[in-house]
Amino acid sequence: MTVRSRLLKMCQSGLAMAWVLAAPAQALEETVLRFCYDPYPPYTLGDGGIPSGGLKVQLLEAVTGRIEGVSAVVVLLPWQRCQAQAQTGETDGILPLFKSAARESYLAFTEGTFLQTNSLWYNMRRYPGGLMPGEGYSEVSQLRLGMVNASIIDEEMEAAFERHNPIVRTGDAASLMQMLLFGQLDLIALDDAVGWHQVVRHGWQDRIGRIASPVSSRYSHFGLSKASGADAYLDAFNRAISELRADGSITEILRSFDFTQ
């Protein structure tokens with residue numbers, strides 16, 4: 001049952017107001033919002049089903065911890081299915097993601113949670129002197145670029161590379177880095193937190209490097225499903241995010257997942 005249908009059912013009973021006034025606060029039924037995301041460490045940890053943790057999972061827990069009577073569960077799904085369920089209302093929301101016109105048609109976006117930076121990564125043994133992208137990526141756009149399926153990084157960068165070669169897309173960051181190490185790709189465009197997680201996890205610090213100037217840096221936002229009625233919690237989510245930013249809680253969560261320390 002969606003958030004909106006649960007509320008309508010209460011109101012149509014004619015007893016909702018009397019029940020709220022009569023019941024003690026601790027007896028009020030808790031609303032459990034269902035969020036989804038794909039397996040994408042360190043933002044979500046675990047291979048499927050219920051994640052074992054992750055940066056964006058912790059952010060959701062922190063936000064709902066500030067909203068009385070609301071909790072949330074997260075389910076890991078293929079990315080396209082996650083978005084489709086948010087469109088139909090089967091899922092109440094999506095963990096922080098980038099805004100787009102298409103997504104705004106079915107999601108109400110909260111204020112920004114944190115900046116996600118995307119960069120170009122390369123094989124240090126192949127390019128020991130490093131790489132400089134040049135203006136408009138003129139120095140590197142002829143190289144073979146890889147990206148994660150359905151990732152949104154920067155249209156100008158993608159267009160510059162596609163003028164020379166099709167961009168190779170695959171399902172996960174670890175596969176992209178393996179292709180980089182085996183010479184099947186020259187560069188990959190990847191979220192910094194995701195890239196550093198893979199580099200440190202596999203001990204590739206002396207094999208895979210990141211070009212210093214980022215490709216893009218944008219805020220990500222919780223997306224609340226309009227079809228499920230979860231957009232009714234938009235103001236509550238925004239208040240919680242503002243509180244968490246003001247007291248340093250978001251900074252602490254980000255610091256706990258900083259693999260460059």
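Scroll up a little and you will see the structure.
Rules of the game
Residues numbered from 1 in each chain as written. Predicted model: local features only at pLDDT ≥ 70, side-chain atom pairs only at ≥ 80, totals over all residues. Heavy atoms only, no water. Salt bridge = Lys/Arg side-chain N within 4 Å of Asp/Glu carboxyl O. Helix = DSSP H or I, 4+ residues; strand = E, 2+ residues; numbered from the N terminus. Buried < 20%, exposed > 50% of the residue type's maximum accessible area, 1.4 Å probe, protein only. Core = buried A, V, L, I, M, F, W, Y, C linked by side-chain atoms within 4.5 Å. Contact = heavy atoms within 4.5 Å.

Draft legend 1. Inspection of the pattern of salt bridges at higher detail. Taken as a whole and judged by the stated rule, the model has 9 salt bridges. Note that Asp-206 is salt-bridged to Arg-125, the shortest N-O span being 3.8 Å. Of this pair, Asp-206 sits in the loop between α8 (192-202) and β9 (208-210) while Arg-125 sits in the loop between β5 (114-123) and β6 (145-148); the two residues are 81 residues apart in sequence, bridging distant segments of the chain. The partly exposed category is assigned to Asp-206, whose relative accessible area is 48%. A relative accessible area of 57% places Arg-125 in the exposed class.

Draft legend 2. Fine view of the nonpolar core. Ranked by internal contacts, the top residues of the largest apolar core, which has 54 residues, are Phe-35, Ile-94, Leu-190, Phe-222 and Phe-237. Here Leu-190 is in contact with Tyr-40, Thr-117, Asn-118, Ser-119, Trp-121, Val-148, Ile-153, Ala-173, Met-177 and Gly-195, once residues within four sequence places are set aside. By size, the runner-up hydrophobic cluster in this structure holds 18 residues, among which are Tyr-122, Leu-145, Met-147 and Val-215.

Any functional reading would require information beyond the geometric quantities listed.
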